[in-house]
Amino acid sequence: MAPCLLVASPLLLDPNFLHTLVLVVEHDENGAMGIILNRPLPLTLKQICAESHLEFAGEEGNTAWRGGPVDPQRGIILVRGGLPSSDDLVLDFTDFVSFRKDLLESLLLDPKASYRLFLGYSGWGPGQLETEMEEGAWLKLPLDSRWVMRQDPKGLWQDAIEAAAKEREDL
């Protein structure tokens, strides 16, 4: 199933996932892992770097993003462009996900790099996501690179829910 997008159904009232769009990056018999694409945090990368003793050369207002409720101290990087390593999860021809600190450190120093730092992730145990989908909590969409790093996250859920409804009509 991965990579794909999951749109939270309007019926899903869990505050962790209310009106979210999740990028599923891993899914196998052990469960699934994803990152929420439309929850910017009120923390700039500059602030995070200062607290973590990392150098930062990017734009002043670049923020971190809330990837999900699980392990909020864990950083996950969504990268557009560049060359992934064998440890990274390739999504499509332009995007990949990485957990490598050395990659994050080099991206933080490159003002032209295109990436997002997510803190935490969304996780499901074996069979849990499938059950939630059968119950109607999530609508599945194919990966759409235009939405993965959309500059303005406002309206992303609404656009995704409309796309999911249209896709169901077309079936």
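Here the structure is a predicted model, which means the values were calculated and not measured.

> I'd like a rundown of the overall build of the protein, residues and numbers included.
A tally of helices and strands in the protein yields five helices and 10 strands. For 171 residues, the compact-globule estimate of 2.2 N^0.38 gives 16 Å, and the C-alpha radius of gyration of the protein, at 16 Å, lies within 12% of that figure. Each principal axis of the C-alpha atoms in the protein carries an extent, and together these give about 50 × 30 × 30 Å. Across the 171 residues that make up the protein, the buried fraction comes to 42%. Residue pairs in contact within the protein that sit at least 24 positions apart in sequence constitute 65% of those at least 6 positions apart.

> Please provide a residue-by-residue account of the environment of Thr 44, values included.
One can find Thr 44 in strand β4 (residues 40–44). Contact partners of Thr 44, with chain neighbours within four places excluded, come to Glu 60, Asn 62 and Thr 63.

> Quick rundown of helix α1 (residues 45–52)? Include the residues and the values.
Three or more residues of α1 are buried, namely Leu 45, Ile 48 and Cys 49. What you see down the axis of α1 is that its buried residues fit within an arc of 100°, all on one side. Exposed side of α1, more than 90 degrees from the buried face: Ala 50 and Glu 51 are the residues found there. On its buried side, α1 packs onto β4, β5 (63–66), α2 (101–108) and β9 (114–124). His 53 sits one or two residues past α1 and shows a positive phi near 60°.

> Explain the packing of aromatic side chains to me, using residue names and the numbers behind them.
As enumerated under the stated definition, the model contains four aromatic pairs in all. Ring plane angle 25° and centroid distance 6.2 Å describe the contact between Phe 17 and Trp 124, whose orientation is recorded as stacked. Here the residue Phe 17 occupies a position in the loop between β1 (4–8) and β2 (21–28), and Trp 124 occupies one in strand β9, the gap between them amounting to 107 residues. The exposure class assigned to Phe 17 is buried, which follows from its relative accessible area of 10%. According to the relative accessible area criterion, Trp 124 is buried, its value standing at 6%. Between Trp 124 and Trp 138 the ring centres are 5.9 Å apart and the planes differ by 85°, which places this aromatic pair in the edge-to-face class. Here Trp 138 lies in strand β10 (residues 138–141) and Trp 124 lies in strand β9, a separation of 14 residues in the sequence. For Trp 138, a relative accessible area of 3% gives the class buried.

> An account of the nonpolar core is requested, with residue identities and associated values reported.
If you look at the biggest cluster of nonpolar residues, it comprises 39 residues, and the most contacted ones within it are Leu 6, Val 7, Leu 21, Leu 23, Leu 37, Leu 78 and Trp 138. Those elements giving two or more residues to this core turn out to be β1, β2, β3 (31–36), β6 (70–80), β9, β10, α4 (145–148) and α5 (156–170). In terms of nonpolar packing, the next biggest core, distinct from the first, is built from 15 residues, Val 79, Leu 103, Leu 107 and Leu 119 among them.

Analysis parameters
- Residues numbered from 1 in each chain as written.
- Predicted model: local features only at pLDDT ≥ 70, side-chain atom pairs only at ≥ 80, totals over all residues.
- Heavy atoms only, no water.
- Helix = DSSP H or I, 4+ residues; strand = E, 2+ residues; numbered from the N terminus.
- Rg over C-alpha atoms; globule rule 2.2 N^0.38 Å.
- Buried < 20%, exposed > 50% of the residue type's maximum accessible area, 1.4 Å probe, protein only.
- Contact = heavy atoms within 4.5 Å.
- Arc of directions from axis to C-beta.
- Phe/Tyr/Trp six-rings, centres within 6.5 Å; stacked < 30°, edge-to-face > 60°.
- Core = buried A, V, L, I, M, F, W, Y, C linked by side-chain atoms within 4.5 Å.

Purely geometric stuff here, so don't read any function into it on its own.
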